[in-house]
Every structure is written in C-alpha cells, then in structure tokens.
Amino acid sequence: MSPDLAPGTPAGPPGTEATTATTSTATATATAVTESHAPLTPKSLRAIVRDLAEQPDRWIHHVRLSTDERWYRRLAADEDHEVWLISWLPGQSTGFHDHGGSRGAFAVALGELEELSLGGPEQGLLIRRITAGTARAFGPEYVHDVRNTAAGPAVTLHAYSPPLSSMAHYELRAGGLVRTSQEGPEQW
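Calculation notes
Residues numbered from 1 in each chain as written. Predicted model: local features only at pLDDT ≥ 70, side-chain atom pairs only at ≥ 80, totals over all residues. Heavy atoms only, no water. Helix = DSSP H or I, 4+ residues; strand = E, 2+ residues; numbered from the N terminus. Expected span 1.5 Å × (residues − 1). Buried < 20%, exposed > 50% of the residue type's maximum accessible area, 1.4 Å probe, protein only. Arc of directions from axis to C-beta. Contact = heavy atoms within 4.5 Å. Pairing = 2+ DSSP bridges. pLDDT = per-residue confidence, 0-100. Axes fitted to C-alpha atoms, helices over the stretch in contact; angles between N-to-C directions. Phe/Tyr/Trp six-rings, centres within 6.5 Å; stacked < 30°, edge-to-face > 60°. Lys NZ or Arg CZ within 6 Å of the ring centre and 35° of its normal. Core = buried A, V, L, I, M, F, W, Y, C linked by side-chain atoms within 4.5 Å.

**Student:** What should I look at first to understand helix H2 (residues 42-53) in this one?
**Tutor:** Count 3.6 residues to each turn of an α-helix, and residues three or four apart come out pointing the same way. Compared with the 16 Å implied by 1.5 Å per residue over 12 residues, the 16 Å span of H2 between its first and last C-alpha is a close match. Residues Leu45, Val49, Leu52 and Ala53 constitute the buried set of H2. The buried residues of H2 occupy one face: seen down the axis, they fall within an arc of 105°. Elements in contact with the buried residues of H2: strand S2 (71-77), strand S3 (82-88), strand S5 (103-110), strand S8 (135-138) and strand S10 (154-161).

**Student:** How should I be thinking about the sheet that holds strand S11 (residues 167-173) in this particular structure?
**Tutor:** Adjacent strands of a sheet form backbone hydrogen bonds with each other and so pair up, either parallel or antiparallel. Strand order in the open sheet formed by three strands is S4-S11-S12, with antiparallel pairing between adjacent strands. In this open sheet, the two edge strands, each paired with only one partner strand, are strand S4 (96-97) and strand S12 (176-183).

**Student:** Please clarify how the confidence of the model for the chain should be interpreted in this entry.
**Tutor:** Residues shown with low pLDDT carry predicted positions that ought not to be read at fine detail. In this model, the chain carries a mean pLDDT of 85, and residues with pLDDT of at least 70 account for 81%. Every residue in residues 1-34 scores below 50 in pLDDT, and together they form 36 contacts with partners more than four places removed in sequence or on other chains.

**Student:** Help me understand the sheet that holds strand S6 (residues 112-118), please; the structure alone is not making it clear to me.
**Tutor:** Here three strands make up an open sheet; going across it, the order is S7-S6-S9 and the pairing antiparallel. Each end of this open sheet is capped by a strand with a single partner; those strands are strand S7 (125-131) and strand S9 (145-147). Each strand of the sheet is rotated relative to its neighbour by a mean of 20°, with strand direction disregarded. Relative to S9, S6 runs antiparallel, the two being bridged by three bridges. Paired with Glu114 across the strands is Arg147, a residue of S9.

**Student:** Which parts of the structure should I look at to understand the packing of aromatic side chains?
**Tutor:** Working definition: an aromatic ring pair is given by the centre-to-centre distance plus the angle between the planes. Applying the stated criterion across every chain yields a total of two aromatic pairs. A ring pair is formed by Phe138 and Tyr142, whose centres lie 5.1 Å apart and whose planes are at 20°; its orientation type is stacked. Classification of Tyr142 as buried rests on a relative accessible area of 18%. Over the ring of Trp88 we find Arg70; its NZ or CZ atom is 5.2 Å from the centre of that ring.

**Student:** Looking at this structure, I do not really get the environment of Leu113. What am I missing?
**Tutor:** On the secondary structure map, Leu113 appears in strand S6. With relative accessibility at 0%, the residue Leu113 sits in the buried group. In the structure, Leu113 is positioned 37 residues away from Ala150 in sequence and 6.9 Å away in space, judged by C-alpha atoms. In this structure, Leu113 is in contact with Trp88, Val108, Arg128, Arg129, Ile130, Val146, Arg147, Asn148, Ala154 and Thr156, ignoring residues within four places of it in sequence.

**Student:** Would you mind showing me how to read the nonpolar core here?
**Tutor:** Of all hydrophobic cores here, the largest spans 19 residues; its most connected members are Val49, Leu52, Trp59, Leu75, Leu85 and Leu157. When residues of this core are traced back to their parent elements, those giving at least two are H2, S2, S3, S5, S8 and S10. Of the residues forming this core, the biggest block, four residues, is contributed by H2. Other than its neighbours up to four places away in sequence, Leu52 contacts Arg58, Trp59, Leu75, Val83 and Leu157. Counting residues in hydrophobic clusters, the runner-up holds 16 residues, among them Leu113, Val146, Tyr160 and Trp188.

Rendered as structure tokens:
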C-alpha cells in the first residue's frame, strides 16, 4: 500500500527535487546539505512524537482503518527527519524489521501495542506492552516487531532520522533473526 503524502510533501525522498545545476555544483550542494543536517538523536525524535501524540487535532482527521493491513500516512518530510501516522487493527503487525540505518521513535497515541525485540543471549526475546501516552526511541541498528494484540484499534506516530531509505525484514528462528527481504520507499 502506498502512503498518502501530506500536502507540500515532495513526491520523492527529501533532497531529490529537480535542479538545473551542473553535476559538480549539485554534488557540492548535496555534500553541504548532508553536513548541515546531521541525524537527530533518538531522544529528539521521542520528543517529536510524544509532543505530536498529545495534539490529536493535528493528525486525528488523517486516521483511516484498513482491514487489509496497517494504514499509514507521511505527515512531514524534511532533510533531517520524517514523521508518519500509522493505524492498527487487532492482529496487524510489522514483523521483525530494521529501519535501514535510521534512528527512530514512536509514540502510541490511542490504544496499545506490543513490541518484541531481542535482548541478547542472556535476555532472549523481550516483550513490551506499550500503552497510550508511551513513547519508545531507538538507534540505527534496532530490529523489532510491533503488533496490535489488543481488542481494539491503535494509532501511533513515528519519526525517523535520517528519513527512511530502506527497511529489511527478518524471521525469528531458533538461531536468531534471519534477514528475508528488503524494501525501499517505492514500496511504501
């Protein structure tokens, strides 16, 4: 399913707008943009989603529920981060996935979700119940599975920095996580 873009959001990834500059000028500009837009920290991303979750008038009118799969919409996209709105019906999940090297955070605005992650050899599989008003943040190597195991729908807000460029999917097997596929923005 393709996300709906918010008004004013570029059709392509941030920074891909058309330009008439020469290749050397474009390369210099891209380098300057990359250097001036360092990724935001997980703590900063958590503050963004927590603040937005507390202002439902800014996003509630965008929420849709889909029985086929999770529904999502990009609310904002800048060079250094992007924000997504996701709705979940009971039984919907992401499966284990990473964020392509991006840092991230998500806040549960309505409902509750369950997050699964691997805590290392001593901890094994970690299961967290994430209720409305709770926000989680993570670094660029984080892999998790988020799912709605509750009886009702849930709504979450997610922020990533830099904006997502890819996501790999994994299967949990006896020996740990095994990478099974990868997708890019054209599949969102």
